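# Structural overview
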Amino acid sequence: MADTRLYLADAAPLADAALFRDLYLRATPARRAKVDGYRFPKDKRLSLAAGALLRHALAEAGVLDPAFTRGPQGKPMLAGRNDVHFNLSHAGQRVLCAVSDQPVGCDVEQITDIELEVARRFFTPTEYACILAEAEPEGQQRMFFRLWTLKESFMKATGLGMALPLDTFSVDPAARPVTVKQKVCTGDWHFQEYDPGDGYLCAVCGRTPRVTGIKTVPLR
């Protein structure tokens, strides 16, 4: 696999008890235990959807019986495999999965109301200025979530996740392609953004600039 592949699924259909049970019975014991650990039905559906989407994505990458481990900062990865990397994200009713032959991170966010104070406190001054440069509240809202998905995809791609403070690196959403200023690691990072509609935004960050696009996967 010489590119990054993105997969998107809607967890809402899992509100159907028969479909939920069918996917639950086909899930691994570890995924079932994780689903069982959630209190609220929505979280159970998202967790089950994430497991099903990951299974589908890895199967397309030729990994049919995956064994999992975690990196130093807790990022899930395949045990004994350095040629296939993956990352998961979920928000609202959507689940996103990225699979690549190199380190990769992805993020999906549901566009909701924002507090500009959050951006001022946690984003870099340059990023905060990008939000304020939007004249309308809707534009500021969309720019906030563009920045959020780009930043989180980078944080996850590095393997550091939330251990990497948001204000220690800066992405430029106006650049073509999007760029990042950072002192975390050497080498190039590449970003792609997607708008799947229905009020969601997605971003992926990885070592390879080649992304096949985003594939919607029905959960059944």
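Presented here is an overview of the structure given in this document. (Residues numbered from 1 in each chain as written. Predicted model: local features only at pLDDT ≥ 70, side-chain atom pairs only at ≥ 80, totals over all residues. Heavy atoms only, no water.)

## Section: the environment of F40
Keep this limit in mind: A helix here means a DSSP run of H or I that spans at least four residues, while a strand means a run of E at least two residues long, and both kinds are numbered starting from the N terminus. Only protein chains enter the area calculation, which uses a 1.4 Å probe; residues under 20% of their type maximum are buried, those over 50% are exposed, and those in between are partly exposed.
Checked against the element boundaries, F40 lands in the loop between helix 2 (29–36) and helix 3 (41–60). For F40, a relative accessible area of 48% gives the class partly exposed.

## Concerning helix 6 (residues 137–157)
We count it as follows: To estimate the expected span of a helix, subtract one from its residue number and multiply by 1.5 Å.
With 21 residues, helix 6 ought to run about 30 Å at 1.5 Å a step, and its terminal C-alpha atoms sit 30 Å apart, in line with that. Of all the 21 residues making up helix 6, 16 are buried; the element is thus mostly covered by neighbouring parts of the structure. Following helix 6 by one or two positions, G159 has its phi on the positive side, about 90°.

## Considering the side chain of D107
Going by this rule: The sign given to each residue is positive for Lys and Arg and negative for Asp and Glu; His and the chain ends receive no count. Each reported salt bridge corresponds to a side-chain nitrogen of Lys or Arg within 4 Å of a carboxyl oxygen of Asp or Glu. For this analysis, a polar contact is any N or O atom pair within 3.5 Å, provided that within protein one partner can donate a hydrogen and the other can accept it, and provided that sequence-adjacent residues contribute only side-chain to side-chain pairs. Any pair of residues with heavy atoms lying within 4.5 Å of one another is described as a contacting pair.
Of note, D107 is situated in strand 6 (residues 104–110). Despite its burial, D107 pairs with no opposite charge, the nearest such side chain being K156 at 4.8 Å. Here S89 takes part through its side chain, which lies 3.1 Å from a polar atom of the side chain of D107. Not counting chain neighbours up to four residues away, the residues in contact with D107 comprise S89, L96, W148, T149, E152, S153, L201, C202 and A203.

## A look at the sheet that holds strand 11 (residues 211–216)
Note the threshold: By the convention used here, strands pair only if DSSP detects at least 2 bridges between them. The axes used here are C-alpha line fits, helices contributing only the stretch in contact, and every angle between their N-to-C directions lies in the interval 0 to 180 degrees.
Strand order in the open sheet made by the four strands is 4-5-1-11, with mixed pairing throughout. Every other strand in the sheet has two partners, leaving strand 4 (85–91) and strand 11 as the edge strands with one partner each. Put simply, the sheet's adjacent strands are angled 15° from each other on average, direction ignored. Note: strand 1 (residues 4–10) against strand 11, four bridges, orientation parallel. Within strand 11, the position partnered with L8 by the bridge is T216.

## Some words on the packing of helix 5 (residues 125–132) against helix 6
This is how it is decided: Here roughly perpendicular refers to angles of 65 to 115 degrees, roughly parallel to angles under 35, roughly antiparallel to angles over 145, and oblique to all remaining angles.
As a packed pair, helix 5 and helix 6 sit with axes 8 Å apart at the nearest point and diverge in direction by 150°. Taken together, helix 5 and helix 6 sit at an angle that is classed as roughly antiparallel. Contact residues: E127, C130, I131 and L132 in helix 5; Q140, M143, F144, L147 and K151 in helix 6.

## Looking at the packing of aromatic side chains
Applied cut-off: For this analysis, a ring pair means two rings from Phe, Tyr or Trp (six-membered ring only for Trp) whose centres lie within 6.5 Å, classed as stacked if their planes differ by under 30 degrees, edge-to-face if by over 60, and tilted for the remaining angles.
The full count for this structure, using the stated rule, is eight aromatic pairs. Between F68 and F86, the aromatic rings sit 5.7 Å apart at their centres with planes inclined by 80°, giving edge-to-face as the arrangement. Of this pair, F68 sits in strand 2 (residues 68–70) while F86 sits in strand 4, placing them 18 residues apart in sequence. In this structure F68 comes out as partly exposed when scored by relative accessible area, which is 43%. We classify F86 as buried; its relative accessible area is 5%. Geometrically, the ring pair formed by F144 and W148 is stacked, given 5.9 Å between the ring centres and 20° between the ring planes. Linking F144 with W148, this pair stays in helix 6, spanning four residues, or about one helical turn.

## Let's talk about the environment of Y194
Take Y194: it is sitting in strand 9 (residues 190–197). Residue classification places Y194 among the buried positions, given a relative accessible area of 17%. Considering only alpha carbons, one finds Y194 and V108, 86 residues apart in sequence, at a separation of 9.3 Å. Apart from residues lying up to four places away in sequence, Y194 is in contact with L6, L201, C202, V204, V211, G213 and I214.

## Describing the sheet that holds strand 6
Taken together, three strands build an open sheet; the order of strands is 6-10-9 and the sheet is antiparallel. At either end of the open sheet lies a strand with only one pairing partner, and these are strand 6 and strand 9. The average angle at which neighbouring strand axes cross in this sheet is 15°, direction not considered. Summarising the sheet, strand 9 and strand 10 (residues 200–206) pair through six bridges and their orientation is antiparallel. Its bridge partner lying in strand 10, H190 is registered against G206. Contacting strand 6, strand 9 and strand 10, helix 6 crosses the sheet at an angle of about 150° to strand 6.

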